[in-house]
Amino acid sequence: QVNVVESGGGVVQPGGSLRLSCAASGNRFALSSSSWTWYRQPPGSNQREHVAGIPTSGPPDYAASVKGRFTVSRASDAKNTVYLQMNDLKPEDTAVYYCDVLTYDDLKHYWGQGTQVSVSS
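All figures in this text were calculated on a predicted structure; none of them were measured in a lab.

Enquirer: What is the right way to read unusual backbone geometry from this model?
Expert: With the exception of glycine, the majority of residues adopt a negative phi angle, and the majority of peptide bonds are in the trans configuration. Even without being glycine, Asn80 reaches a positive phi, approximately 55°. One non-glycine residue, Leu107, lies in positive phi territory at about 50°. With respect to the secondary-structure elements, Leu107 resides in the loop between strand S9 (95-103) and strand S10 (108-111). In this structure Leu107 comes out as exposed when scored by relative accessible area, which is 59%.

This is the structure we're talking about:
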C-alpha cells in the first residue's frame, strides 16, 4: 500500500509562482519503480487533465499549456517526493492539483487528496 499526499497549493496573483509537493510513503519496493504524474481538475469540470509527468526513466513530459512555465522534478533532499514548480501562473491554471503514483510491480495507481491552486488578482 502506498499513501500519497500533495501540498503547497494556495492563492497567488497572475505571474506568480508556487511549488507543489507530492510525497509518497508505504511500500518502498513498489515505490522504487514508479512513475509520477500531476493532473489538475479546473473548477466546474469533472475531468482531470494531464499537467506533467516524470517516468522511471527518460525525460519529463508536459502538457502544451504549461510547457516552459512548469517544471516537474524528483526531490534531491527528500526520498519519494516529487515537486511541481509553477511559474508565470495564469488564471486558467486555477484547479485542484492531484498527484498520481503508478507503481510498476503491481500496476496500481495511488492518488492523493489534491491541493487547491487559485490564481487571481
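Picking up after the structure, the text goes on.
Enquirer: Can you help me understand the state of the cysteines in this one?
Expert: Here a disulfide denotes a covalent bond joining the sulfur atom of one cysteine to the sulfur atom of another. Summed over all chains, the structure comprises 1 disulfide. At a sulfur-sulfur separation of 2.0 Å, the disulfide partner of Cys22 is Cys99. The S-S bond linking Cys22 to Cys99 shows a torsion near -80°; that makes this disulfide left-handed. Of this pair, Cys22 sits in strand S3 (residues 18-26) while Cys99 is found in strand S9, placing the two residues 77 residues apart along the sequence. Judged by its relative accessible area of 0%, Cys99 falls in the buried class.

Enquirer: How should the side chain of Ser21 be read in this particular structure?
Expert: Within the secondary structure, Ser21 is located in strand S3. The buried category is assigned to Ser21, whose relative accessible area is 16%. Aside from chain neighbours lying at most four places away, what touches Ser21 is Val5, Glu6, Ser7, Trp38, Val82 and Tyr83.

Enquirer: Can you help me understand the pattern of salt bridges in this one?
Expert: In a structure, side chains of opposite charge can pair up when their charged atoms sit close to one another. Scanning all chains against the criterion turns up 4 salt bridges. For Glu49, the salt bridge is made with Arg40, and the minimal N-O distance between the two is 2.7 Å. The closest approach of N and O atoms between Lys90 and Asp88, which form a salt bridge, is 3.6 Å. Because the salt bridges share partners, they merge into one network encompassing Arg40, Glu49, Arg69 and Asp93.

Quick notes on the rules
- Residues numbered from 1 in each chain as written.
- Predicted model: local features only at pLDDT ≥ 70, side-chain atom pairs only at ≥ 80, totals over all residues.
- Heavy atoms only, no water.
- Helix = DSSP H or I, 4+ residues; strand = E, 2+ residues; numbered from the N terminus.
- Buried < 20%, exposed > 50% of the residue type's maximum accessible area, 1.4 Å probe, protein only.
- Disulfide = S-S within 2.5 Å.
- Contact = heavy atoms within 4.5 Å.
- Salt bridge = Lys/Arg side-chain N within 4 Å of Asp/Glu carboxyl O.

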